[in-house]
Amino acid sequence: MTDASASAAADSATDDAGREYAYRVRDEPIDRTIAFAEVDPALDFDRLHAWLGSDHVKPYWQLDLPEPAFRERLDEKLSDDHLTPYVGLLDHTPMSYWEAYRAADDVVAECYDAAPEDRGVHLLIGPPEYLGHGYSIPLLRAMTAFQFRATDATRVVSEPDVRNERVIHVFERCGYEAQKRIDLPDKEAVLMHCERDRFFDTVAENAEAEVSR
């Protein structure tokens, strides 16, 4: 797990059911509480398996697998020291999946001059009923703020599939700038960078956030 998630748990926020949040913020424009919690297979396996098999997700994630194979892939992600999987919650309801990772230790580092502190993010919205309501931008804005506030990163990167124009637009709205097209093992992607100073000057909401540190 990344050091963003290895912060002291004593300062973490929890929901009413006792689930520990790594990050929580109230987003006033959408009047919702956004939170991220590390994936717990006991709680999240079934929903993640369903989400990754959804029609709107399958073309971009290649994780529409039978349960045994999916469990093996999830276990690999959970044991990967450079990556932390999260469930994103809206008003304490799980509805999205996220991966935050150290870019310098990822395959994307072969495509640009990655600094040791660079972070990267992947995302998907799970239940189809959450699509089309404008949630992706505040969610990504919150995850990006989380990476900057919980680490020393001065840059967060992403590499959305070139076909996924909607997600590329979401990244652009959150302060990410396209750098170039890159070839990754599983896709042709657009390398995008979000710089800390630009993000907090032009994108971040001025809101109180609770972060595990």
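Description of the structure in this document. What you see is a predicted model, and the numbers here were worked out from it, not measured in a lab.

A few points about the overall build of the protein chain
Stage number 1. Across its full length, the protein chain holds six helices and eleven strands.
Stage number 2. Residues classed as buried in the protein chain amount to 52% of the 213 residues present.
Stage number 3. Surface exposure of the protein chain reaches about 10100 Å², of which carbon and sulfur atoms provide 44%.

Observations concerning the environment of leucine 78
Stage number 1. Position of leucine 78 among the secondary structure elements: in helix 3 (residues 67–78).
Stage number 2. What makes leucine 78 buried here is its relative accessible area of 17%.
Stage number 3. When the C-alpha positions of leucine 78 and aspartate 40 are compared, they lie 9.1 Å apart, and in sequence the two are 38 residues distant.

A word on unusual backbone geometry
Stage number 1. We note that glutamine 62 has phi near 55°; this positive angle belongs to a residue other than glycine.
Stage number 2. If you trace the backbone, glutamine 62 turns up in the loop between helix 2 (58–61) and helix 3.
Stage number 3. Classification of glutamine 62 by relative accessible area gives partly exposed; the value is 38%.
Stage number 4. At histidine 92, a residue that is not glycine, the phi angle is positive and equals roughly 70°.
Stage number 5. As for its position among the elements, histidine 92 is in the loop between strand 5 (83–90) and strand 6 (93–102).

Considerations on the environment of histidine 122
Stage number 1. Mapping histidine 122 onto the fold places it in strand 7 (residues 119–125).
Stage number 2. The buried category is assigned to histidine 122, whose relative accessible area is 19%.
Stage number 3. The spatial distance from the C-alpha of histidine 122 to the C-alpha of leucine 140 is 9.5 Å, given a sequence separation of 18 residues.
Stage number 4. Within the local environment of histidine 122, its side chain forms a polar contact with the side chain of glutamate 99, the two groups lying 2.9 Å apart.

Cut-off values and rules
Residues numbered from 1 in each chain as written. Predicted model: local features only at pLDDT ≥ 70, side-chain atom pairs only at ≥ 80, totals over all residues. Heavy atoms only, no water. Helix = DSSP H or I, 4+ residues; strand = E, 2+ residues; numbered from the N terminus. Buried < 20%, exposed > 50% of the residue type's maximum accessible area, 1.4 Å probe, protein only. Areas by Shrake-Rupley, 256 points an atom, 1.4 Å probe, with all protein chains shown as cover. Polar contact = N/O pair within 3.5 Å; in protein donor to acceptor, adjacent residues only side chain to side chain.

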